Amino acid sequence: MIVVIGAGPAGLFAAITAREAAPDVPVVVLEKSARALAKVLVSGGGRCNVTHACFDPRELVTRYPRGGRELRGPLTRFGPADVVAWFAARGVELKAEPDGRMFPVSNDARTIAGALLDAARDLGVDLRLGCGARRVAAAPGGGFAVTLPDGAVLQADRVLLATGGRTSSEDGYALAAALGHSVVPPVPSLFSLDCAAPWLTALAGVAVPDAEVAVGAITRRGPVLVTHRGVSGPAVLVLSAWAARLLHDCGYRTELRIDWLPDVGPAHIDALLQEFARAHGKQAVALGGPGGLPKRLWAALAAHAGAAEPLRWGDLGRAAREQLGAALCATRLATTGQSVHKEEFVTCGGVDLREVDFRTMESRVRPGLYLAGEVLDIDGVTGGFNFQSCWTTGRLAGLAMAAG
Ligand SMILES: Cc1cc2nc3c(=O)[nH]c(=O)nc-3n(C[C@H](O)[C@H](O)[C@H](O)COP(=O)(O)OP(=O)(O)OC[C@H]3O[C@@H](n4cnc5c(N)ncnc54)[C@H](O)[C@@H]3O)c2cc1C
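Here the structure is a predicted model, which is why all the values come from computation and not from measurement. Residue numbers run consecutively from 1 along every chain, following the written order of its sequence. Predicted model: local features are reported for residues with pLDDT of at least 70 only, side-chain atom pairs are reported and counted for 80 or more only, and whole-chain, interface and lining totals are derived from all residues. With hydrogens and water set aside, each side-chain value is computed from the structure's full complement of heavy atoms.

## Examining the domain arrangement of the protein
- For the protein, the assigned domains read domain 1 (2–187 + 344–403) and domain 2 (191–340).
- Computed over C-alpha atoms, the centres of domain 1 and domain 2 are 40 Å apart.
- The contact rule is simple, with two residues in contact once any of their heavy atoms fall within 4.5 Å. With twelve residues of domain 1 at the contact, the number on the domain 2 side is eight residues.
- Defined here as a combined quantity, buried area equals the accessible surface (1.4 Å probe) lost by two parts on assembly, summed across both. Summed over both partners, the interface of domain 1 with domain 2 comes to about 820 Å²; 68% of that surface belongs to carbon and sulfur atoms.
- Among the residues of domain 1 in contact with domain 2, Pro 65, Val 187 and Val 381 are the three that bury the most area, contributing 45% of the side total.
- Here a polar contact means two N or O atoms within 3.5 Å. Within protein one must be a hydrogen donor candidate and the other an acceptor candidate, and residues neighboring in sequence count only if both atoms are side-chain atoms. Our count for the domain 1 to domain 2 interface comes out at two residue pairs in polar contact (both at pLDDT 80 or more). Here the limits of each domain have been adopted from an automatic or database domain assignment.

Right, here's the structure in full:
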């Protein structure tokens, strides 16, 4: 018997795969909550960003701050194209948005959850809801003894741990540790940053399509959104993923730098401002300048740099111009904390990847134990990469457990 712990996308996909590959082997899925695929249902704002339209594994792995190197081989065996084909074969078409994110054509996460649950039911997966695994122990004669909430014990030949990240279960890490695994301390990834900058947060809602954000030596570029607590948007979320550990270790109190005009950059900003001043000498600095920034942001940056109305471009001295240039290309903000991004958040940390064989997802520490999904120290940036890692690792684990 195969016992899968956790009915998230990784666990359920592994269970389906195992039943498809070995119809004679019973597969039990234990889910401690009352609902399978809870995160799939709320994912992508209820639309479920299933995967990403990036079909080259070499390119795909660059979207994983942790686990990219290990996923390279597995993504070659079961990548986004295979996910698209898998769902298509079950009547669910996926579509790619211009930024590469792939959603069901229905724009409804229930389509994805429904296809998985139907497949599991049709294949005879024994899904037990409200039934958490309390303990997993290696059985003396081989295999595992899995203790259920009522004290009953399931004897399993193979066990898959697919308990998800830190928001799904801390006990998944405890189960892994009890079986001899090391767990890289789990901390948040994919979050917005709170900043102590009332002049900026007063602009909540302002969006800049292309800015560069940096913490220490880590820099990312893309859309930035000003929120009532600080900054968010794709560039900030991606930065938070790459700097997840660094930010956690400093208590989310550090300096965030923003270049609002990365195409110009600090080296050329002064020349651009001089040119603009020559052409628009009579215009108030606060009313607008080069670079096409939103008016409210421009005015706030100008005021922040000491160039509030009624100062005109023609009267802007060198020191003030340089200060304005610094505000435009190197705004320095003190971060004070992090805020959950509601569309997608994941865990940085989890079971140490060196302890897993990525050809099969079998534990190198405890043969017969398999691991898949977010319980591992794998996480991607936003865009469907986190589910893709679940489909890929779940698939390989399911095939290997069926063959084992
Ligand atoms: C709000 C939100 C939106 C998201 N949107 C997207 C998106 O659009 N695209 C994307 O790629 N990623 C998205 N993610 C990330 C994605 O949801 C996760 O990476 C993914 O769900 C991880 O899958 P998993 O199967 O490893 O774990 P989970 O989905 O967390 O499932 C693990 C399951 O195990 C169960 N469990 C835990 N312990 C036990 C136990 N002891 N016994 C039995 N069961 C147990 C839990 O109850 C849970 O149901 C989103 C995340 C969030 C929070």
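## With respect to the sheet that holds strand S9 (residues 153–156)
- When DSSP finds at least two bridges between two strands, those strands are taken to pair. The secondary structure listing takes helices from DSSP runs of H or I that are at least 4 residues long and strands from runs of E that are at least 2 residues long, numbered from the N terminus. Overall, antiparallel pairing links the three strands, which are arranged S7-S8-S9 in an open sheet. A strand with exactly one partner marks an edge of an open sheet, and here the two such strands are strand S7 (135–138) and S9. Taking the axes of each pair of neighbouring strands and ignoring which way they run, one obtains an average angle of 20° across the sheet.
- Summarising the sheet, S7 and strand S8 (residues 144–147) pair through four bridges and their orientation is antiparallel. The partner of Arg 135 across the bridge, within S8, is Thr 147. To obtain an axis, a line is fitted to C-alpha atoms, over the contacting stretch when the element is a helix, and the angle between two such axes runs from 0 to 180 degrees between their N-to-C directions.

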